[in-house]
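Report on the structure
The chain contents come next:
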Amino acid sequence: MKHSHYDAIIIGAGMSGLAAGIRLAHFGRKVCILERHNAPGGLNSFYSFAGRKYDVGLHAMTNYVPPGVKGTPLGKLLRQLRIERDEFALCPQKQSRIAFGPRGERTLRFTNDFAVLDAEVAAKFPTQTDGWRKLVELVRTYDDVSLDAQPVSAREVVGRHLTDPLLIDMIFCPVMYYGSAQERDMEFGQFVIMFKALFLEGFARPLDGVRVIIRVLLDKYRSAGGERRMQCGVTRIIEEQGRAARLVLDDGTELTADHVISSIGVAETLALCRSGFTPDTPGINPDLHNIGQLSFIETITVFNRQPAEWGWGEDTIVFFNDSDRFDYARARGQVDVRSGVICLPNNFAYGDGRLPEGIFRVTCLANYDLWARLPEEQYQADKKRWFAEATRSARRFLPPVDDAVLAQAQLATDMFTPRTIKKFTGHFNGAIYGAPRKIRNGRTHLSNLYLCGTDQGFLGIVGAMLSGISMANYHVLQGSGRG
Amino acid sequence: MTKDDCKKLVIDIISDIAPDEDLSAIKPDIRLRDQLQLDSMDFLDIVMELRKRHGIEVPETDYGQLASLESCAEYLTPKFVQKS
């Protein structure tokens, strides 16, 4: 028979929840992870469809550093979770590009060697070089993991160092696309986390994708003695005397725990706390209005050719924008195809291995409300239409290939919309990056309920795992928790 | 339990926490932090592994005693002796 009382319960088997679980189980806590979905991974998961394996969410793992580089988030997380570096089987990217202008005529190339981007900026924006270097120095020395930092506008800080709006937009584009929950600006600490993760560190991927990382985490968790219940969502958190006293599961079962760590988002967690609360109820709790507005669509096209055959063999990730200014905001229409991200997972340095098929992914900003309530037939038709629009827009930033050639090589397609994100992650508004205002110390109005993951605010999958680790350490293992 | 035994147990713990560090030439009387790349998270783990593996409690006020291998041995050996 399963226990109904735990030292700690973790809501959500994503990267942060699994990492928190490993820490707690390793140090002998009786811990259970509850996951509503039938697959682990959360925002970064994988699925099979028509006999093919797909990754969803993750384009590349950020924060990659080569072996021997210490003191960065990747090294910290490997140590904290007792994972050998080789277990993640990370293969570094080839190169990535930021491409602006109607045909991508203004570009900045970057690789896992920061000197490449630095030289690109110096060559293409010579008047900005001094400010750029000062900004980089500030980023390098900024304490971005402080749990009590005051929010500062990144636009404001970057604007003190750089004056060319094109360069500013080009730097913000990847940083925002890979983690900003806020429209048009972001908190400077968040900017620093992403700048380091993308530019000072870099991109990598296991040949078999995100499932490799999830499998390592699951194995660690299991062997440390952690319990996991799948298809087991929490429907309510019952409060008593300022504590999360009981958790009610979807099937009506009740569980109790000394500590509860929730990775499902701040508003999503608070909505569980008292019955009758919905995210639309105005004025009751400001945290319920701390809800992200930014959602995305992503297209995946599978080809029977390697992208390199079309001259698409160099770029791992391309961040593109065709307009005068880069507008990172909720799409006014269903999808905003003016900017986006291309990912070619074939283009990592896999050594002797290679992906058997060509994969071309395109991500663009989208509007949740305009997708949420469509009748099924309309929904399918709109998916098809925007699939074509998004891929057409993205292809402007790659070497040209004839439509007929691509069509002939195409084996399969798939696509997610804001509606898919809401369905599988539970995030209100299909907001992948969660709430605009992060809760760095993870505290909630209940003394033994803490947040980890996206809404705690360490970004990227390495950030997510460090978030789970930090919250487990800070609130449970170090005993500073008030529970 | 001698001080040398104790040092060995501490090194075992560090090698599990930080397998990417070279521990073959640690100087016992120099601060661990000055010869290895260990941060506060790592030191917390040394304390927690001592508790998990050997049932030894190190209160937060005594964390400073774990600065070098020599001071670890000085501080921990009596605790190990008391245990056995």
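So, here is what we can say about the structure in this document. (Residues numbered from 1 in each chain as written. Chains lettered and ligands numbered in written order. Predicted model: local features only at pLDDT ≥ 70, side-chain atom pairs only at ≥ 80, totals over all residues. Heavy atoms only, no water.)

Take the overall build of chain B next. Scanning chain B from terminus to terminus reveals four helices and zero strands. If you list the helices and strands of chain B from N to C, you get α-α-α-α. Dimensions of chain B, computed from C-alpha atoms along their principal axes, come out at roughly 30 × 25 × 20 Å. The buried share of chain B, taken over its 84 residues, is 42%. The contacts of chain B with a sequence gap of at least 6 include a subset with a gap of at least 24, amounting to 55%. Carbon and sulfur atoms make up 50% of the accessible area of chain B, which totals about 4500 Å². Distance between charge centroids for chain B: 4 Å, based on 11 positive and 18 negative side chains. (Helix = DSSP H or I, 4+ residues; strand = E, 2+ residues; numbered from the N terminus. Buried < 20%, exposed > 50% of the residue type's maximum accessible area, 1.4 Å probe, protein only. Contact = heavy atoms within 4.5 Å. Areas by Shrake-Rupley, 256 points an atom, 1.4 Å probe, with all protein chains shown as cover. Lys, Arg positive; Asp, Glu negative; His and termini not counted. Charge placed at Lys NZ, Arg CZ, Asp CG, Glu CD.)

Residues and elements named next belong to chain B. Scanning the model with the defined rule gives 43 salt bridges over all chains in all. Here D34 makes a salt bridge to R31, at a shortest N to O gap of 3.3 Å. Judged by relative accessible area, which is 53%, D34 ranks as exposed. (Salt bridge = Lys/Arg side-chain N within 4 Å of Asp/Glu carboxyl O.)

Where helix α2 (residues 73-81) of chain A meets helix α3 (residues 40-54) of chain B, the axes come as close as 11 Å, and the angle between the chain directions of the two elements is 5 degrees. Here α2 of chain A is positioned roughly parallel relative to α3 of chain B, judged by the angle of their axes. Each of K76, R79 and Q80 of chain A in α2 of chain A lies in contact with α3 of chain B, whose residues at this interface are M41, D42 and D45 of chain B. Its residues assigned to classes, the contact of α2 of chain A with α3 of chain B comprises one nonpolar, one polar and four charged. (Axes fitted to C-alpha atoms, helices over the stretch in contact; angles between N-to-C directions. Parallel < 35°, antiparallel > 145°, perpendicular 65-115°, else oblique. Nonpolar A, V, L, I, M, F, W, Y, C, P; charged D, E, K, R; others polar.)

Residue and element names in this part refer to chain A. For the coordinates displayed, the defined rule picks out 25 aromatic pairs over all chains. Ring centres of F195 and F199 lie 5.0 Å apart, and the angle between their planes is 80 degrees; this geometry places the pair in the edge-to-face category. Of the two residues, F195 and F199 both sit in helix α7 (residues 188-201), four residues apart, roughly one turn of that helix. With 5.8 Å between their ring centres and 90 degrees between their planes, W371 and Y379 make a pair best called edge-to-face. Both residues of the pair, W371 and Y379, belong to the buried class. Between R155 and the ring centre of F172, over which it is positioned, the NZ or CZ distance is 4.4 Å. (Phe/Tyr/Trp six-rings, centres within 6.5 Å; stacked < 30°, edge-to-face > 60°. Lys NZ or Arg CZ within 6 Å of the ring centre and 35° of its normal.)

We now examine the layout of surface pockets. Computed from the structure, the second largest pocket encloses a volume of approximately 950 Å³. K76 and V145 of chain A together with D39, S40 and M41 of chain B are the residues nearest the centre of the second largest pocket, which is lined by 38 residues in total. For the lining of the second largest pocket, the elements supplying multiple residues, two or more each, are α2, α7 and α14 (460-477) of chain A together with α2 (32-35) and α3 of chain B. When the residues that make up the lining of the second largest pocket are grouped by side-chain class, the tally is 20 nonpolar, nine polar and nine charged. (1 Å grid on protein atoms, 1.4 Å probe; cavity = no way out; pocket = protein on both sides within 12 Å on 5 of 7 lines; lining within 4 Å. Points joined across faces, edges and corners; volume = space filled by probe spheres on them.)

Here we take up the packing of helix α3 (residues 114-124) of chain A against helix α4 (residues 129-141) of chain A. All names here are of chain A. Close contact between α3 and α4 brings their axes to 9 Å; oriented N to C, the two are set at 150 degrees. Looking at the two axes, α3 sits roughly antiparallel to α4. Where α3 crosses over α4, the two elements pack in a sense that is right-handed. Side by side, α3 and α4 meet where F114, L117, D118, V121 and A122 of the first sit next to T129, W132, R133, V136 and R140 of the second. Its residues assigned to classes, the contact of α3 with α4 shows six nonpolar, one polar and three charged. (Left-handed = near helix turned anticlockwise from the far one by under 90°.)

Bringing the sheet that holds strand β14 (residues 315-321) of chain A into the picture now. Residues and elements named next belong to chain A. With mixed pairing, the seven strands of this open sheet are ordered in space as β7-β6-β14-β15-β16-β13-β17. At either margin of the open sheet sits one strand with a lone partner, and together these are β7 (106-110) and β17 (410-416). The average undirected angle you get between the axes of adjacent strands in this sheet is 20 degrees. Two strands pair when backbone bridges link them, and strand β6 (residues 95-100) and β14 are joined in this way by six bridges, in the parallel orientation. Bridge pairing in β14 places Q95 opposite D315. (Pairing = 2+ DSSP bridges.)

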